Amino acid sequence: MSAADPALEEGWIDRELALEFPELRIVSVSAPAPGRRTPRVLREHLALLADRFHGARAVTLRREPVPAAYRVFFRQVGLDPDVQRTPVEAAALDRLVQGGFVSRGPLEDALLVAVVETGVPVWALDDARLDGPLGLRGARPGERMGEGQYAADLAPGRVLVADAGGPVAVLFGDVAPGRRPDRHSTRLRLFTVAVPGVPALHVEEALLGCAEALSDAAAGQ
Amino acid sequence: MLDVRDVRVIADERAARMQLRSQIAALEAQLSDAVVSAFPDGGVHSTVPAPGGPRLLTLGELERIRDGLADRVAQARGVLEERGERQEASRVLLERMLLEPGRHKFVRVANRDLGAAGCGVWQVRPRLGLVGMLMGWWQVKLSSGCPLAC
């Protein structure tokens with residue numbers, strides 16, 4: 001991490017969760033919203049990653065330390081990683097099915113590069129729609145994600161990414177519609193959830209790499 | 001207000017859950033090793049029913065996942081052991097074919113049966129075709145290469 005890098009912000013973890021998973025972290029960083037087009041450099045980066053990513057790697061991925069840590073954590077919180085894929089395995093599977101990493105826009109591409117390169121998933125939120133720092137906690141009884149008639153009920157105890165205003169996303173799941181970045185967003189909040197066993201270096205690399213790619217994209221490079 | 005006994009029970013349960021989580025981590029690592037070892041033949045399944053989440057699981061739920069993983073690991077070891085025995089038998093057969101081709105006329109052993117990569121097949125064939133057959137000149141040939149993809 002150099003002096004020019006944006007500052008990483010450590011989020012809060014609910015006491016009960018922290019007692020059960022002492023190493024669990026949520027870390028975020030601010031980044032500019034990119035333009036509409038993926039810069040050529042980022043598209044080339046995706047193509048290069050696709051060339052280096054083959055079928056055998058998709059199988060052996062589960063033995064690599066960071067993807068393995070996410071697989072284990074999925075099991076420990078009640079998810080089957082062979083049914084709901086860990087983010088990096090989902091990216092690997094998409095790569096095999098589609099024959100490459102398909103460019104879907106500058107933000108999606110930057111998030112994809114981060115997860116494929118480091119194994120650490122990164123999500124993006126509209127910074128202007130957040131209320132205070134991000135954290136992890138269980139859903140409270142009667143709590144819903146989103147607003148209005150399309151708000152989804154949350155099972156009590158479901159682990160959420162939340163801010164002072166309420167649920168922002170289900171852990172490893174959907175982001176609340178009102179918190180997603182859209183074309184009016186000017187600043188983004190990138191966040192990741194570091195599970196036990198994931199080195200801090202990988203977390204930094206994922207977030208800062210993604211922030212840098214978005215800064216370049218916003219600058220029109 | 002919690003009394004000392006309640007606090008102790010909570011702490012004991014938390015310690016038990018931690019223990020179960022470390023067992024789940026160890027079993028998941030073993031299962032992943034088995035899945036990778038079985039590649040590309042497959043036959044090892046790593047799906048274990050999950051209670052749904054993400055959420056903090058109870059002791060019972062963690063136990064069920066641990067037991068499910070342990071079953072999967074045992075099944076995977078069985079598959080790999082059986083496959084290993086078959087490959088060993090194929091290797092012994094190939095050695096015998098190489099030592100005494102005349103006793104193993106037209107016997108074939110595929111590279112896949114040996115656990116080797118590629119589509120090669122070892123076969124005992126007569127040298128010089130019909131002449132070799134009549135004269136008893138037998139040799140082991142390795143046909144190489146995979147059929148061209150359509």
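Quantities reported herein were computed from a predicted structural model and do not represent experimental measurements.

1. Here we look at the packing of helix α1 (residues 4-38) of chain B against helix α2 (residues 59-99) of chain B
Helices that pack against each other are described as a pair by the angle of their axes relative to one another and the distance between those axes. All names here are of chain B. At their nearest, the axes of α1 and α2 sit 9 Å apart, and the two run at 25° to each other. It follows from the interaxial angle that α1 and α2 lie roughly parallel. For the element pair α1 and α2, the recorded crossing hand is left-handed. Along the lines of polarity and charge, the residues of the contact of α1 with α2 split into 15 nonpolar, three polar and nine charged.

2. Some points on the sheet that holds strand β3 (residues 25-32) of chain A
Residues and elements named next belong to chain A. Strand order in the open sheet formed by four strands is β1-β3-β10-β4, and the pairing between neighbours is antiparallel. Edge strands, defined here as strands with exactly one partner in the open sheet, are β1 (9-10) and β4 (123-126). Relative to strand β10 (residues 187-194), β3 runs antiparallel, the two sharing eight bridges. Residue pairing across strands places Ser-28 opposite Phe-191, the latter belonging to β10.

3. A word on the sheet that holds strand β2 (residues 12-13) of chain A
Residue and element names in this part refer to chain A. Here four strands make up an open sheet; going across it, the order is β2-β5-β8-β9 and the pairing mixed. Each having just a single partner strand, β2 and β9 (166-170) make up the two edges of the open sheet. Strand direction decides the pairing type here: β2 and strand β5 (residues 135-138), joined by two bridges, are parallel. Its bridge partner being in β5, Trp-12 is matched across the sheet by Gly-135.

4. Some remarks on the nonpolar core
One broad rule of soluble globular proteins: the nonpolar side chains tend to lie buried together. One finds A:Leu136, A:Phe172 and A:Leu190 to be the most contacted residues of the largest nonpolar core, which totals 63 residues. Core analysis: the next-biggest nonpolar cluster, separate from the first, contains 15 residues, B:Leu20, B:Ala38, B:Leu57 and B:Val73 among them.

5. So, the packing of aromatic side chains
The tally for this structure, following the rule as stated, stands at eight aromatic pairs over all chains. For the ring pair A:Phe21 and A:Phe73, a centre distance of 4.9 Å and an interplane angle of 65° mean the geometry is edge-to-face. With A:Phe21 in the loop between α1 (15-20) and β3 and A:Phe73 in helix α4 (residues 65-76), the pair connects residues that are 52 residues apart, well separated along the chain. Comparing A:Phe21 with A:Phe73 shows no difference in burial state: the two are buried. Taking the centre distance of 6.0 Å and the plane angle of 70° together, the rings of A:Phe73 and A:Phe172 count as edge-to-face. Of this pair, A:Phe73 sits in helix α4 while A:Phe172 sits in the loop between β9 and β10, and the two are 99 residues apart along the sequence. The pair formed by A:Phe73 and A:Phe172 is uniform in burial state, with each residue classed as buried. Here the guanidinium or amino end of B:Arg21 rests over the ring plane of A:Phe21, the centre of that ring lying 4.5 Å away.

6. Some points on the interface of chain B and chain A
The interface is formed by 28 residues belonging to chain B together with 26 residues belonging to chain A. Counting the surface lost from both chain B and chain A, the interface buries some 2400 Å², and carbon and sulfur atoms represent 60% of this. Looking only at chain B, the three residues that lose the most surface to chain A are B:Val36, B:Pro54 and B:Leu56, adding up to 26% of its buried area. Here chain B and chain A share seven salt bridges between them. The residue A:Glu20 makes a salt bridge to B:Arg21 at a minimum N-O spacing of 2.5 Å. At the boundary of chain B with chain A, the tally comes to 16 residue pairs in polar contact (both at pLDDT 80 or more). Elements supplying a minimum of two residues to the side of chain B that touches chain A: α1 and α2 of chain B. For the side of chain B that touches chain A, the element with the highest residue contribution is α1(B), accounting for twelve residues.

7. So, the confidence of the model for chain B
All names here are of chain B. With 95% of its residues at a pLDDT of 70 or more, chain B shows a mean pLDDT of 89. Taking the mean pLDDT of every element in chain B, the minimum, 84, falls on helix α3 (residues 130-135) and the maximum, 95, on α2. The ipTM assigned to the predicted complex is 0.90, against a pTM of 0.87.

8. With respect to the pairing of β5(A)
Both β5(A) and strand β8 (residues 159-163) of chain A contribute to a ladder of four bridges, which runs antiparallel. Counterpart to A:Leu136 in the pairing with β8(A) is A:Val161.

9. Looking at the side chain of B:His104
Residue position: B:His104 is located in the loop between α2 and β1 (108-110). Other than its neighbours up to four places away in sequence, B:His104 contacts B:Leu93, B:Arg96, B:Met97 and B:Val124.

10. Description of helix α7 (residues 200-218) of chain A
All names here are of chain A. Taking 1.5 Å per residue, 19 residues should reach 27 Å; α7 reaches 27 Å between its end C-alpha atoms and fits that length. Listed in full, the buried residues belonging to α7 are Val-203, Ala-206, Leu-207, Leu-208, Cys-210, Ala-211, Ala-213, Leu-214 and Ala-217. On its buried side, α7 packs onto β3, α2 (40-52), α6 (106-118) and β10. Following α7 by one or two positions, Gly-220 has its phi on the positive side, about 80°.

11. Comments concerning α6(A)
Residues and elements named next belong to chain A. If you check α6, its first and last C-alpha atoms are 18 Å apart, about what 13 residues at 1.5 Å a residue would give, namely 18 Å. Among the 13 residues that make up α6, eleven are buried, leaving the element largely enclosed by the rest of the structure. Three or more residues of α6 are buried, namely Pro-106, Leu-107, Asp-109, Ala-110, Leu-111, Leu-112, Val-113, Ala-114, Val-115, Val-116 and Thr-118. Looking at the buried residues of α6, the elements they touch are α2, α4, α5 (87-98), β4, β10 and α7. Among the residues trailing α6, Gly-119 stands out with phi positive, at a value near 85°.

Basis of the calculations
Each chain has its residues counted from 1, following the order in which its sequence is written. To read the labels, note that chains go from A and ligands from 1, taken in the order they are written. Whole-chain, interface and lining totals are the exception, using all residues; otherwise, since this is a predicted model, local features are given only for residues with pLDDT of at least 70 and side-chain atom pairs are given and counted only at 80 or more. The side-chain quantities take in all heavy atoms of the structure and omit both hydrogens and water. All axes are obtained by fitting lines to C-alpha atoms, using only the stretch in contact for helices, and the reported angles, taken between N-to-C directions, cover 0 to 180 degrees. By definition, any uninterrupted DSSP run of H or I lasting at least four residues is a helix, any uninterrupted run of E lasting at least two residues is a strand, and each is numbered from the N terminus. Roughly parallel means an angle under 35 degrees; roughly antiparallel means over 145; roughly perpendicular covers 65 to 115; every other angle is labelled oblique. For a crossing to be left-handed, the near helix must be turned anticlockwise from the far one by less than a right angle; the clockwise case is right-handed. Residues were grouped as follows: Ala, Val, Leu, Ile, Met, Phe, Trp, Tyr, Cys and Pro as nonpolar; Asp, Glu, Lys and Arg as charged; and all remaining residues, including Gly, as polar. DSSP calls a pair of strands paired once it identifies at least 2 bridges connecting them. We call a set of buried Ala, Val, Leu, Ile, Met, Phe, Trp, Tyr and Cys residues a nonpolar core when their side-chain atoms join them within 4.5 Å. Each residue is placed in one exposure class: buried if its accessible area under a 1.4 Å probe, protein chains only, is under 20% of its type's maximum, exposed if it is over 50%, and partly exposed if it falls in between. Pairs were defined over the aromatic rings of Phe, Tyr and Trp, the Trp ring being its six-membered one, requiring ring centres within 6.5 Å. Orientation was assigned from the angle between planes: stacked under 30 degrees, edge-to-face over 60, tilted for the rest. Lysine and arginine charges are scored as sitting over a ring when NZ or CZ, respectively, is within 6 Å of the ring centre and within 35 degrees of the ring normal. Contacts are residue-level and defined by heavy atoms, with any inter-residue pair within 4.5 Å sufficient. Once two parts are put together, the accessible area they lose, assessed with a 1.4 Å probe and summed over both, is termed the buried area. Take a side-chain nitrogen of Lys or Arg and a carboxyl oxygen of Asp or Glu: if they are within 4 Å of each other, that pair is a salt bridge. Two N or O atoms count as a polar contact when they lie within 3.5 Å, although within protein this holds only if one can serve as hydrogen donor and the other as acceptor, and sequence-adjacent residues are included solely when both atoms are side-chain atoms. Scored between 0 and 100, pLDDT is the confidence that the predictor attaches to each residue. Any helix carries an expected span of 1.5 Å times its number of residues minus one.

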